[in-house]
Amino acid sequence: MDLLTPLYDEEKLHQHFKTISDGRIGRHYQREELLRWLQGFPDRDKKFVKEFQTTFNSSFWEIYLHAVFQEYGLSLDWSYPAPDFLVSAGNVTFTVEATTANHAADAKPEWGQPMTSGFYDNLDFNELNRVAIIRLANAFMGKSEKFKDKYANHGHVKGRPFVLAVAPFEQPGFHLQAYRPIEALLFDHYVDEAEYIANPERFPNGPASKSLGSVEKDNGAEIELGFFHNPRFAHISAVVFSHLATWGKVDAMCGNPDAFIRSIWLTPEGMKPVVARGNEGSEKITDGLRVYHNPYASERLPLDVFRREGVVQIWQDSDSRGLLHEEADNCLQSRTAITLLRGTDKDFEGSALP
């Protein structure tokens, strides 16, 4: 599959595709890493290259998931056109449907505003999270309905765990949401970052969680939170999520000596910032991955399937509704990647995608 040779006029190409294919010195590290992730990935419907070049994010997310499954050594069966992946881990076989949370039709896309100091100065975390929750809910609901309408009775799907893999790309600064919105959506478990930043003395043990109950959409309609409390979603066994499966992941892993990676890791001793060149870092494809298990799933996904150092798995106690987890104090929290690229005039230019 020739993923990187442009097939369309520039105005039809996605902004991110234009960035990674601009031919400047240094880009080859990124492209080679992406192609490594792609190895063994088939273009089953002969549309994947077009979608990668023109819409980018959903295709990039599928490539990332494929690389994750390969890293785990899982078996992939490409015999069926849908859902996106049929995966076997030992004696457990399950299906995975990939989706992304995207911007609303009348909203600014995630690449539509530069991440300047002014953006951060004016950032409202609660509004960013509200938008993220709404767009994640749309993606979740769309695939939930698709499962019931199109997938549920297929022989390779029926009686097996069904996993929804969701990535957020819904607004400028989407990567700043971390995992607050997805945990609010699934478990009605929300951490108010703005409240903590404004009054840290009120929270000596760090930010506290609370129940929101619902969020209001722009049209006044409400979305009731706690999808994994609701038996109508029992067909969804788990949600795989990462706010860090972005182009910055490619930068962090591609070995480019002109890339600078600033990461924050949560350790048993607390937050640990790390700054490294791209050829000196230790970030793995699975770092930043989170798996949320539905305690009421009709077909449970065993914890063993995705168990690995640095991969956070979360579920909820059905009585207390408190969140239970593993590896939550040993994981990648955030990452910023800046790559210095040489142009034809031999000057260096900073370039960054989230």
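For the structure, see preceding data.
Treat the numbers as computed from the prediction; the structure is a model and nothing was measured. (Residues numbered from 1 in each chain as written. Predicted model: local features only at pLDDT ≥ 70, side-chain atom pairs only at ≥ 80, totals over all residues. Heavy atoms only, no water.)

**Quick word on the packing of helix H2 (residues 27-38) against helix H4 (residues 57-72)**
Item 1. In contact at an axis separation of 8 Å, H2 and H4 are set at 65 degrees when each is read in the N-to-C sense. Relative to H4, the element H2 is oriented roughly perpendicular. On the side of H2, the interface is formed by Leu-34, Trp-37 and Leu-38, while H4 contributes Phe-60, Ile-63, Tyr-64, His-66 and Ala-67.
Item 2. A per-class count over the contact of H2 with H4 returns 7 nonpolar, 1 polar and no charged. (Axes fitted to C-alpha atoms, helices over the stretch in contact; angles between N-to-C directions. Helix = DSSP H or I, 4+ residues; strand = E, 2+ residues; numbered from the N terminus. Parallel < 35°, antiparallel > 145°, perpendicular 65-115°, else oblique. Contact = heavy atoms within 4.5 Å. Nonpolar A, V, L, I, M, F, W, Y, C, P; charged D, E, K, R; others polar.)

**Observations regarding the sheet that holds strand S3 (residues 92-101)**
Item 1. With respect to topology, 8 strands assemble into an open sheet ordered S1-S2-S3-S4-S9-S12-S13-S14, the strand pairing being mixed. Each edge of the open sheet carries a strand with a single partner, namely strand S1 (75-76) and strand S14 (323-326).
Item 2. Summarising the sheet, strand S13 (residues 312-316) and S14 pair through 4 bridges and their orientation is antiparallel. Note on S14: the bridge partner recorded for Trp-315 is Leu-324.
Item 3. Its contacts with the sheet place H4 against S1, strand S2 (85-89), S3, strand S4 (162-168) and strand S9 (238-241), and it is angled at close to 150 degrees to S3.
Item 4. Contacting S3, S4 and S9, helix H6 (residues 125-151) crosses the sheet at an angle of about 135 degrees to S3. (Pairing = 2+ DSSP bridges.)

**Quick word on H6**
Item 1. Between its first and last C-alpha, H6 extends 37 Å over 27 residues, near the 39 Å set by a 1.5 Å rise per residue.
Item 2. With a side-chain oxygen positioned 3.0 Å from the backbone nitrogen of Asn-126, the residue opening H6 is Asp-124. (Expected span 1.5 Å × (residues − 1). Polar contact = N/O pair within 3.5 Å; in protein donor to acceptor, adjacent residues only side chain to side chain.)

**Structural notes on the pattern of salt bridges**
Item 1. Taken as a whole and assessed by the stated rule, the structure comprises 14 salt bridges.
Item 2. Close ionic contact of Arg-130 with Glu-127 constitutes a salt bridge, the shortest N to O distance being 2.9 Å. Of the two residues, Arg-130 and Glu-127 both sit in helix H6, 3 residues apart, roughly one turn of that helix.
Item 3. Judged by relative accessible area, which is 34%, Glu-127 ranks as partly exposed.
Item 4. Close ionic contact of Glu-195 with Lys-210 constitutes a salt bridge, the shortest N to O distance being 3.7 Å. Taken together, the residues span a long stretch of sequence, with Glu-195 in helix H8 (residues 193-198) and Lys-210 in strand S6 (residues 209-210) at a distance of 15 residues.
Item 5. What makes Glu-195 partly exposed here is its relative accessible area of 25%.
Item 6. Lys-210 gets classed as partly exposed once you look at its relative accessible area, which sits at 33%.
Item 7. One network of salt bridges, with partners in common, ties together Glu-127, Arg-130 and Asp-218. (Salt bridge = Lys/Arg side-chain N within 4 Å of Asp/Glu carboxyl O. Buried < 20%, exposed > 50% of the residue type's maximum accessible area, 1.4 Å probe, protein only.)

**Remarks on the environment of Thr-5**
Item 1. In this fold, Thr-5 is placed in the segment before helix H1 (15-20).
Item 2. On the basis of relative accessible area, Thr-5 is assigned to the partly exposed category, the value being 41%.
Item 3. In this structure, the C-alpha to C-alpha distance between Thr-5 and Ala-107, residues 102 residues apart in sequence, is 30 Å.
Item 4. Engagement of the side chain of Thr-5 in a polar contact is seen with the side chain of Asp-2, the distance being 2.8 Å.

**Comments concerning the layout of surface pockets**
Item 1. Taken as a whole, the largest pocket holds about 1500 Å³ of empty space.
Item 2. The wall of the largest pocket is formed by 48 residues, among which His-175, Leu-176, Ala-178, Gln-333 and Ser-334 lie closest to the centre.
Item 3. Counting residues per element, the lining of the largest pocket draws most heavily on strand S15 (residues 331-342), which supplies 5 residues.
Item 4. A breakdown of the residues in the lining of the largest pocket according to their chemical character gives 25 nonpolar, 16 polar and 7 charged. (1 Å grid on protein atoms, 1.4 Å probe; cavity = no way out; pocket = protein on both sides within 12 Å on 5 of 7 lines; lining within 4 Å. Points joined across faces, edges and corners; volume = space filled by probe spheres on them.)

**Details of the packing of aromatic side chains**
Item 1. Tallied over the full model, the rule gives 25 aromatic pairs.
Item 2. A ring pair is formed by Phe-69 and Phe-85, whose centres lie 5.1 Å apart and whose planes are at 80 degrees; its orientation type is edge-to-face. With Phe-69 in helix H4 and Phe-85 in strand S2, the pair connects residues that are 16 residues apart, well separated along the chain. Comparing Phe-69 with Phe-85 shows no difference in burial state: the two are buried.
Item 3. Between Phe-140 and Phe-228 the ring centres are 6.4 Å apart and the planes differ by 65 degrees, which places this aromatic pair in the edge-to-face class. You can see Phe-140 sitting in helix H6 and its partner Phe-228 sitting in the loop between strand S8 (222-224) and S9, a full 88 residues away along the chain. (Phe/Tyr/Trp six-rings, centres within 6.5 Å; stacked < 30°, edge-to-face > 60°.)

**Quick word on the environment of Leu-324**
Item 1. Within the secondary structure layout, Leu-324 lies in strand S14.
Item 2. The spatial distance from the C-alpha of Leu-324 to the C-alpha of Tyr-8 is 48 Å, given a sequence separation of 316 residues.
Item 3. Residues in contact with Leu-324, not counting those within four places in the same chain, are Gln-313, Ile-314, Trp-315 and Asp-317.

**Topic: the nonpolar core**
Side chains of a nonpolar character, in soluble globular proteins, are inclined to be buried together.
Item 1. Within the largest apolar cluster, 49 residues are counted, with the highest numbers of intra-cluster contacts made by Trp-37, Phe-69 and Phe-94.
Item 2. Among the elements that make up this core, the one with the highest residue count is H4 (9 residues).
Item 3. The residues contacting Trp-37, other than those within four sequence positions of it, are Phe-60, Ile-63, Tyr-64, His-66, Ala-67, Lys-249, Val-250, Met-253 and Ile-285.
Item 4. Membership of the second largest hydrophobic core comes to 35 residues, among which are Val-157, Val-166, Ile-223 and Val-312. (Core = buried A, V, L, I, M, F, W, Y, C linked by side-chain atoms within 4.5 Å.)

**Considerations on H4**
Item 1. The terminal C-alpha atoms of H4, which comprises 16 residues, lie 23 Å apart, in line with the 22 Å expected from a rise of 1.5 Å per residue.
Item 2. In terms of residue burial, H4 counts as a mostly covered element, since 13 of its 16 residues are buried.
Item 3. Looking one or two places after H4, you find Gly-73, whose phi comes out positive at around 75 degrees.

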